[in-house]
Amino acid sequence: MSLFKRLLMEKHLLLVLSICLISILTIKTVPAKAVYGGINLETPVAAGLNAGYLYAEVDSSISNYGHHGTDWRATLLPVKAAYNGKVITVTDLGNTSYGKYIIIESDHPDYPGTKFYHLYAHLSRQDVSQGQTVTKGQQIGVSGNTGGVGYHLHFEIRMGSNSWYAQRNPEGLLARSTSDGYGGVYGRVKTSSDAWVRRCRISGASKPTDYNYGATYTYALMANGNPFPDESAYGINYYIGRASTGRVTLSYNNGAKTQVVTIRPNTDFLVSTVYLP
């Protein structure tokens, strides 16, 4: 083989290796998107989540169906738009239901043509008007206790349709759940016949920036008796957001099953499916 051909082959080989190395480095630096689509919504209020009554959990003193949204322990605090969008509802129901509330319509960044809606309820003041365009982080009102349910902000995400039954877990879409060194864990709890297990208690994780947290529960049913859409949309029935990182032992149904998992910082992690009798 001539010296020229040998040099040409070596140069080609180096070029191929360089491309492979660049590809590997690129793959490693691209962050994986969360199960809920990686929209990374702004936290709507500078307060902790009421983790004693999480999304799709049941508070028997209030209702027998799962919670359609999340509650934030906020007393007269500025409320910010979680994402860019258009205000489509500014309504005052007085001392009933949502009280003073706002709904914003947004375009999903990953799925062209798909809209999602974010609702902010029990406000003491509304600072925007219907038809107004708002930007992520812009103040839209002040939290309160209208609706007669005590001071807090009720926050919902509705995906694809502005319907009470088009819910998604807001924690799975908020950047706070997998930022500042915290992590998220999601998974499935099923029966041996592969049916979803509802209202199963899952303990062992820690959510130190939220209030009243003792455990997470697998999603209950909605007010109409149907499953929460998260099950069919994402194939999961629980999500633990803004959890302390490291190795923890998750206990299912008060120890009926356990598994050791590693909660990783600034990311969501799918854990193994747990099967209960």
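Residues numbered from 1 in each chain as written. Predicted model: local features only at pLDDT ≥ 70, side-chain atom pairs only at ≥ 80, totals over all residues. Heavy atoms only, no water.

Novice: Whenever I open this one, the pattern of salt bridges confuses me. Can you help?
Specialist: Side-chain pairs of opposite charge can arise where the charged atoms are in close proximity. Using the criterion set out here, one finds ten salt bridges in the structure. Residue D210 is joined to R176 by a salt bridge in which the shortest nitrogen-to-oxygen separation is 2.5 Å. With D210 in the loop between strand 12 (201-203) and strand 13 (216-217) and R176 in the loop between strand 9 (167-168) and strand 10 (183-187), this pair connects stretches of sequence that are 34 residues apart. Between D194 and K190 there is a salt bridge, and its shortest N-O distance comes to 3.5 Å. (Salt bridge = Lys/Arg side-chain N within 4 Å of Asp/Glu carboxyl O. Helix = DSSP H or I, 4+ residues; strand = E, 2+ residues; numbered from the N terminus.)

Novice: Looking at this structure, how should I read the nonpolar core?
Specialist: Soluble globular proteins tend to bury their nonpolar side chains together. If you look at the biggest cluster of nonpolar residues, it comprises 55 residues, and the most contacted ones within it are L41, Y120, I140, V189, I240, L250 and Y252. Elements that contribute at least two residues to this core include exactly strand 4 (100-107), strand 5 (115-126), strand 8 (153-159), strand 10, strand 14 (238-243), strand 15 (246-252), strand 16 (257-263) and strand 18 (274-276). Contacts of Y252, omitting those with residues within four sequence positions, involve V189, C200, R201, I202, Y238, K257, T258, Q259, V271 and V274. Among the nonpolar cores identified, the runner-up in size contains six residues, and Y98, Y101, L119 and A121 belong to it. (Core = buried A, V, L, I, M, F, W, Y, C linked by side-chain atoms within 4.5 Å. Buried < 20%, exposed > 50% of the residue type's maximum accessible area, 1.4 Å probe, protein only. Contact = heavy atoms within 4.5 Å.)

Novice: Can you walk me through the pairing of strand 7 (residues 139-143) in this structure?
Specialist: Along any regular strand, the residues point their side chains to alternate faces of the sheet. Burial analysis of strand 7 places four of its five residues in the buried class, which makes it a mostly covered element. Across three bridges, strand 2 (residues 78-80) lies against strand 7 in antiparallel orientation. By the bridge assignment for strand 7, K80 is matched with Q139. (Pairing = 2+ DSSP bridges.)

Novice: Honestly, the packing of aromatic side chains in this entry has me stumped. Any pointers?
Specialist: Describing an aromatic ring pair means giving the distance of the ring centres and the angle of the ring planes. Under the criterion given, the structure shown has nine aromatic pairs. Cluster of aromatic residues (ring-pair linked, three or more members): Y55, Y219 and F228. In this structure, R73 is placed above the aromatic ring of Y211, and the distance from its NZ or CZ to the ring centre is 4.1 Å. Stacked on the ring of F269, the Lys or Arg R264 has its end atom at 4.3 Å from the ring centre. (Phe/Tyr/Trp six-rings, centres within 6.5 Å; stacked < 30°, edge-to-face > 60°. Lys NZ or Arg CZ within 6 Å of the ring centre and 35° of its normal.)

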